[in-house]
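Residue strings, one per chain:
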Amino acid sequence: MEEEAKESAVAKSTGPQKEEDMLPQDIAFYKVLISKKKITKQDAEYNRRKISSLSSPSSETEEKSHISCVKCKFNLGDEGKCHIVGGRIDNEHGISKFFSPKGTGMLPGDIVWEYVKNTRKKLKYREGHVIRKGAPGFRCKDCKYYLFSRNCLLIEGQFTPQMSCGYVVKIGNGTQV
């Protein structure tokens with residue numbers, strides 16, 4: 001399970017990002033941060049795709065079968081949650097109109113940084129999906145938003161170097177702080 005968490009963290013925390021890279025899905029996440037309300041499954045058009053077991057699937061069918069929540073940058077895999085859509089999600093088969101492949105648009109942590117800069121408010125501790133120990137290389141000490149005073153630029157509270165959150169952005173990635 002930790003290997004999967006590491007893979008997820010790596011995919012979310014790499015690649016050049018600019019504030020101009022905000023996609024419609026990124027804007028939807030920003031609106032969720034402002035309103036403090038996730039979008040309902042119905043409004044997000046969330047559904048569970050059935051993966052067909054054809055012996056020789058067409059490339060289009062094969063491509064669609066690989067699009068699911070687990071491939072989305074807004075996915076909190078271990079928690080079965082989404083940053084945008086409310087309620088429990090199915091990592092392997094779930095999909096909504098806010099699906100955003102890892103590596104496109106802005107990183108979730110950088111969207112939160114935009115929110116913090118614009119509103120001058122950090123996220124509450126529980127909103128940050130904080131865990132006691134992150135994947136190796138993706139802990140608070142590895143995040144560009146972590147201050148050595150044990151504070152975070154994004155989330156209220158004190159953090160140890162071993163902790164992590166749902167918005168970790170590895171030092172050297174994403175937008176400039």
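This one's a predicted model, so the numbers in the text were calculated from it and none came from an experiment. (Residues numbered from 1 in each chain as written. Predicted model: local features only at pLDDT ≥ 70, side-chain atom pairs only at ≥ 80, totals over all residues. Heavy atoms only, no water.)

This paragraph deals with the overall build of the protein chain. Within the protein chain, the secondary structure is distributed over four helices and four strands. Start at the N end of the protein chain and walk to the C end: the helices and strands fall as α-α-β-α-β-β-β-α. With 177 residues in all, the protein chain has 42% of them scored as buried. Sequence separation of at least 24 residues holds for 77% of the intrachain contacts in the protein chain that already meet a minimum separation of 6. Taken as a whole, the protein chain presents about 10,100 Å² of accessible surface, with 52% of it coming from carbon and sulfur. (Helix = DSSP H or I, 4+ residues; strand = E, 2+ residues; numbered from the N terminus. Buried < 20%, exposed > 50% of the residue type's maximum accessible area, 1.4 Å probe, protein only. Contact = heavy atoms within 4.5 Å. Areas by Shrake-Rupley, 256 points an atom, 1.4 Å probe, with all protein chains shown as cover.)

Turning our eyes to something else, we now look at the nonpolar core. Membership of the largest hydrophobic core comes to 40 residues, with the highest contact counts inside it found for Phe-29, Ile-84, Val-112, Leu-154, Ile-155, Phe-159 and Tyr-167. Put simply, the parts of the chain that give this core at least two residues each are α2 (24–35) and α4 (108–119). Excluding its chain neighbours within four sequence positions, the residues that come into contact with Ile-155 are Lys-122, Leu-123, Lys-124, Tyr-125, Gly-128, Val-130, Cys-165 and Tyr-167. (Core = buried A, V, L, I, M, F, W, Y, C linked by side-chain atoms within 4.5 Å.)

Bringing the packing of aromatic side chains into the picture now. Per the stated rule, a full pass over the model turns up six aromatic pairs. Measuring from centroid to centroid gives 5.5 Å for Phe-29 and Phe-74, while their planes differ by 55 degrees, and the two rings are tilted. With Phe-29 in helix α2 and Phe-74 in the loop between α3 (59–65) and β2 (75–76), this residue pair connects regions lying 45 residues apart in the sequence. The exposure class of Phe-29 is buried, given its relative accessible area of 1%. A relative accessible area of 0% places Phe-74 in the buried class. Seen from their ring centres, Trp-113 and Tyr-145 are 5.5 Å apart, and the 40 degrees between their planes marks the pair as tilted. Of this pair, Trp-113 sits in helix α4 while Tyr-145 sits in the segment after α4, and the two are 32 residues apart along the sequence. Since its relative accessible area comes to 13%, Trp-113 is described here as buried. With relative accessibility at 0%, the residue Tyr-145 sits in the buried group. (Phe/Tyr/Trp six-rings, centres within 6.5 Å; stacked < 30°, edge-to-face > 60°.)

Next up on the list: the pattern of salt bridges. Pairing between side chains becomes possible if they bear opposite charge and their charged atoms approach one another. Under the definition given, this model contains six salt bridges. Lys-144 is paired through a salt bridge with Asp-110; the nearest N and O atoms lie 3.0 Å apart. In this pair, Lys-144 sits in the segment after α4 while Asp-110 sits in helix α4, placing the two residues 34 residues apart along the sequence. Residue classification places Lys-144 among the buried positions, given a relative accessible area of 15%. (Salt bridge = Lys/Arg side-chain N within 4 Å of Asp/Glu carboxyl O.)

All right, on to the side chain of Asp-90 then. Counting through the fold element by element, Asp-90 comes out in the loop between β3 (81–82) and β4 (94–95). For Asp-90, a relative accessible area of 17% gives the class buried. Polar side-chain contacts of Asp-90 include one of 2.7 Å to the side chain of Arg-48. For Asp-90, the contacting residues outside a window of four places in its chain are Tyr-46, Arg-48 and Cys-69. (Polar contact = N/O pair within 3.5 Å; in protein donor to acceptor, adjacent residues only side chain to side chain.)

Two numbers describe how α2 lies on α4: the axes approach to 10 Å, and their chain directions differ by 50 degrees. One finds that α2 runs oblique with respect to α4. As α2 packs across α4, the resulting crossing turns out to be right-handed. Residues Asp-26, Phe-29, Tyr-30, Leu-33 and Ile-34 of α2 lie in contact with α4, whose contacting residues are Pro-108, Ile-111, Val-112, Glu-114, Tyr-115, Asn-118 and Thr-119. Here the contact of α2 with α4 is built from residues that sort into eight nonpolar, two polar and two charged. (Axes fitted to C-alpha atoms, helices over the stretch in contact; angles between N-to-C directions. Parallel < 35°, antiparallel > 145°, perpendicular 65-115°, else oblique. Left-handed = near helix turned anticlockwise from the far one by under 90°. Nonpolar A, V, L, I, M, F, W, Y, C, P; charged D, E, K, R; others polar.)

What follows covers the side chain of Asn-75. Residue position: Asn-75 is located in strand β2. With relative accessibility at 5%, the residue Asn-75 sits in the buried group. Of note is the side chain of Asn-75, whose polar atom sits 3.4 Å from the backbone oxygen of Cys-69. Within polar-contact distance, the side chain of Asn-75 engages the side chain of Asn-91 at 3.4 Å.

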